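# A closer look at the structure
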Amino acid sequence: MDHLPSVILGLCSYTHDSAAALLVDGDLVGFVEEERLSEDKHTKAYPRHAVAWLLKEAGLTAGDVDAVAYNFQPSRYLAESPLALRLVLEVTTRERALPRAHGFAKVAWRTQHRVHTLGRMFPSARITPVLHHRAHQMAAFAASGWAESAVLVVDSLGERQTTTFGHGHSALRPHTRIVEALNDPASLGYVYGAVTEHLGWRRGDEEGTVMALAALGDPTRFRHLFAQAVRTTPTGFVLDPAYFPPRTLSSGHPRTSQRFIAETCPARHPQEPIADVHRDLAAALQERTEKVMLHLARRARMITGSRRLCVGGGVATNCVSIGRIIEAGIFDEVFVPPAPGDAGTAIGAALALHMDSGNRRPVTGVARACYLGPSFADEAVDLTPWPGLQQKMLGIETAEFLADQLAHNMIVGLFQGRVEAGPRALGNRSILASPLQPGVVERLNATVKYREPFRPFAPMVLAERAAEFFTLGQEAPYMSMASGVTDTARERVPAIVHANGTARLQTVTATQNPFMHQVLTAFARRTGIPVLINTSLNVKGKPICGTPAMALNCLADSGLDALLLESRWITK
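Residues numbered from 1 in each chain as written. Predicted model: local features only at pLDDT ≥ 70, side-chain atom pairs only at ≥ 80, totals over all residues. Heavy atoms only, no water.

Attention shifts here to the packing of helix α5 (residues 132–144) against helix α12 (residues 345–356). Running from amino to carboxyl end, α5 crosses α12 at an angle of 95°, the nearest separation of the two axes being 7 Å. In terms of orientation, α5 and α12 fall into the roughly perpendicular class. For the pair α5 and α12, the contacting residues are H132, R134, A135, H136, M138, A139 and A142 in the first and T345, G348, A349, L351, A352, M355 and D356 in the second. Residue classes in the contact of α5 with α12 are distributed as 8 nonpolar, 4 polar and 2 charged. (Axes fitted to C-alpha atoms, helices over the stretch in contact; angles between N-to-C directions. Helix = DSSP H or I, 4+ residues; strand = E, 2+ residues; numbered from the N terminus. Parallel < 35°, antiparallel > 145°, perpendicular 65-115°, else oblique. Contact = heavy atoms within 4.5 Å. Nonpolar A, V, L, I, M, F, W, Y, C, P; charged D, E, K, R; others polar.)

This next bit is on helix α8 (residues 220–229). All of the buried residues along α8 are F222, L225, F226 and A229. One face of α8 carries all of its buried residues, which in axial projection span an arc of 95°. (Buried < 20%, exposed > 50% of the residue type's maximum accessible area, 1.4 Å probe, protein only. Arc of directions from axis to C-beta.)

What follows is about empty space enclosed by the protein. A complete count under the given rule lists 2 cavities of 30 Å³ or more for this structure. Of the volumes computed, that of the largest cavity is approximately 90 Å³. Surrounding the largest cavity, L28, A139, A143, P337, P338, A339, G344, I347, V366, A369, L372 and A421 form its lining. For the lining of the largest cavity, the class distribution of residues is 11 nonpolar, 1 polar and no charged. (1 Å grid on protein atoms, 1.4 Å probe; cavity = no way out; pocket = protein on both sides within 12 Å on 5 of 7 lines; lining within 4 Å. Points joined across faces, edges and corners; volume = space filled by probe spheres on them.)

The next thing to look at is unusual backbone geometry. With an omega of 20°, the peptide bond running from D184 to P185 counts as cis. On the secondary structure map, P185 appears in the loop between β8 (175–183) and α6 (188–198). Unlike most non-glycine residues, R368 shows phi in positive territory, near 55°. Topologically, R368 is positioned in the loop between α12 and β13 (390–393). Here the phi dihedral of E566 falls at roughly 55°; this positive angle occurs in a residue that is not glycine.

Moving on to the sheet that holds strand β15 (residues 429–433). The strand order β13-β21-β20-β14-β15-β19-β16-β18-β17 describes an open sheet built from 9 strands, whose pairing is mixed. The open sheet has two edge strands, β13 and β17 (481–484), and neither has a second partner. Geometrically, the sheet is characterised by an average inter-axis angle of 35° between neighbouring strands, direction not taken into account. Taken together, the 4 bridges between β17 and strand β18 (residues 502–508) define a ladder with antiparallel strand orientation. Within the sheet, the bridge partner assigned to M481 lies in β18 and is L505. (Pairing = 2+ DSSP bridges.)

Now for the packing of aromatic side chains. Tallied over the full model, the rule gives 12 aromatic pairs. Where F226 meets F260, the ring centres are 6.4 Å apart and the plane angle is 75°; that geometry is what we call edge-to-face. On the criterion of sequence distance, the pair formed by F226 in helix α8 and F260 in helix α9 (residues 258–263) is long-range, its members being 34 residues apart. For F226, a relative accessible area of 1% translates into the label buried. With relative accessibility at 0%, the residue F260 sits in the buried group. The ring of F415 carries R429 above its face, with NZ or CZ at 3.6 Å from the centroid. For R451, the ring lying beneath its charged end belongs to F457, and the centroid distance is 4.0 Å. (Phe/Tyr/Trp six-rings, centres within 6.5 Å; stacked < 30°, edge-to-face > 60°. Lys NZ or Arg CZ within 6 Å of the ring centre and 35° of its normal.)

Glancing now at the layout of surface pockets. Quantified by volume, the second largest pocket comes out at close to 290 Å³. What lines the second largest pocket is a set of 13 residues, and nearest its centre among them are W53, K56, P374, F376 and E379. For the lining of the second largest pocket, the element with the highest residue contribution is helix α2 (residues 48–58), accounting for 5 residues. Grouping the constituent residues of the lining of the second largest pocket by class yields 5 nonpolar, 4 polar and 4 charged.

Function-wise, these values are silent; they only describe arrangement.
Here it is as C-alpha cells:
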C-alpha cells in the first residue's frame, strides 16, 4: 500500500450470514450482521444496511474508506481445481472428480468477480482478500483479549481449508499464525450439515436443532458407522467417501451416499414425524463430533504448548462439544467469541488487514466486546402500524419492574442498547422468562418461538453465583458452552436442564451487561433464584430482532406477554 490505511471496512458477503465491521485507526467502530437490519435470515446479500449504519456511526462516507478486507481469497479456490482430478484414482470418488474441479474453478472466478464488484463500490479503497481461516483466527483470538493462546478453527470450508491449528500472540496488536491445517474433503462441518439435511432440517441454519435432538437418542445404533465415516488420525481426521462423497460446490450432488442411506434411514421430509431412528442418528453424529473435537483440541494443545484455547468457525457453535473440551481439562481456559461463524470473519478480516498494513496503532474495542451493533435508544416509537399494542413509559426502576413481571410469570421481550454480535441473544435482544414458571418450556416452544417441543432453553445467571447451579468452572459470557448442572439446579430450576443433563449458560457480570445484572439481582431477591431463561428475540425462521419494528412485529405475532423496548413497556 502507498499509505497506511486508517479506515478499514471488513466484509462477509455473497455467501451466507453477510456482515460488516469498521475499524478506524485500529478502533472497532462497530459490527452487525445484515439480517438484523434487513430481516432476511442468513442473507448472502451485500450488507448495505450494515455498511450504511457503520459509516453513519463513524461520520464517514464510502469515499473515506481506505481499504476493504474481504473474507475469502479467490486464488485459493482455484488451487483445488486441478487437485480434484486425483479423485479419478478411486472407484468411490471417480464420478466426483470433474464436477469438483469445475465447481472450485467456478467459485474461484465468482469470488474474484465479487472482489471487483467491491472495488467499484469503494473506488478510493484497495480491496484485499483475506484467507478465510485467518479471518476466523483473528476474530477469535482478538476477542479473547489474551496475550497468547492456541487457536482452533473448525468449519465446513474456507477456500480449501476446513480445520486449522493456530497460535495467537499479543492483546494490543493481535496476530495469529497457522501451524497446521486440514483441507477438504476432511470437513466436520460438511458432515454435520449433510446429516442435518438428511434429517429434514435446513443445512447451515438448523444444526442446533439436531444437536438438541441428539440428547433424546441412543448413539449405539450408528456409533460404528460414524467411527468408520469420520476416522481420526494422528494429525486430525479423514472422511470415508463411501459415506460422505467429496463436495463439488455445485448443486445436484448429494452430500450423503446411497450406502449411508442404506445403513441408516431414508431422508426425512421436514413434515414427517420424528422417529427413534432419527433421534439415534442425531445422537451418533453428535457423539462423534464431540470425540473428534476433543481429538483436535488435544492436537492444538500438543503443537502449540499453550494452556489456553480459542475456538472459531461454524462448528464452534456446537456448545456441547465446547463443554466437553472444557470438562476434559486439556486447557486451563477455553474461549469462543460471540460471533464464531462466518459473520465474525468481517471483524477478523479487518483486523488482519490492519496488522498487515504496518499500522502501529493498537487494536481497541474488540476484546470481550459483544454489544457492537446499532442502538435505538433515542428514537420515538409510533405504534400506529400495530393498533393492538399500547405503551407506557417506565421510570428509573426499570430493572426492578421487569424482575417483578418475570417473577409473576410473564414472558417478556427485551430490546435495549446495542445489538449483540453472533447467533445468541445476550440480554439486549432477548426473550426472558422465569424458570420457575410451570410448563414454561412447553409454552415458549409452542406459543412464542413456534419450534420443536424438544428444543431446550438456555439460562442466564449471575456470574458470582454460577457455581451454585453449574459445574463449568469458568465464565461463559456468550452462551457458547454447555455445562453440567448441580443438584441444586436439578431440584430448583429443572426447566433449564436439557435431556442430556446440560445447560447452555450465559454468565452475566455487572461490567458486561449492567442492566441484566440488575434484573437478575432483583429477580433473585424476589425468588431466591439468580437464573432466568434467555432465548433470542425472534420466532423460528426469523432473525434476531435488530430494529424496533422487528421487535414490535415479534410481540404482535407471537405469544409474548409484553415487550420492554428501552424504557417503554408495550403490551397487547
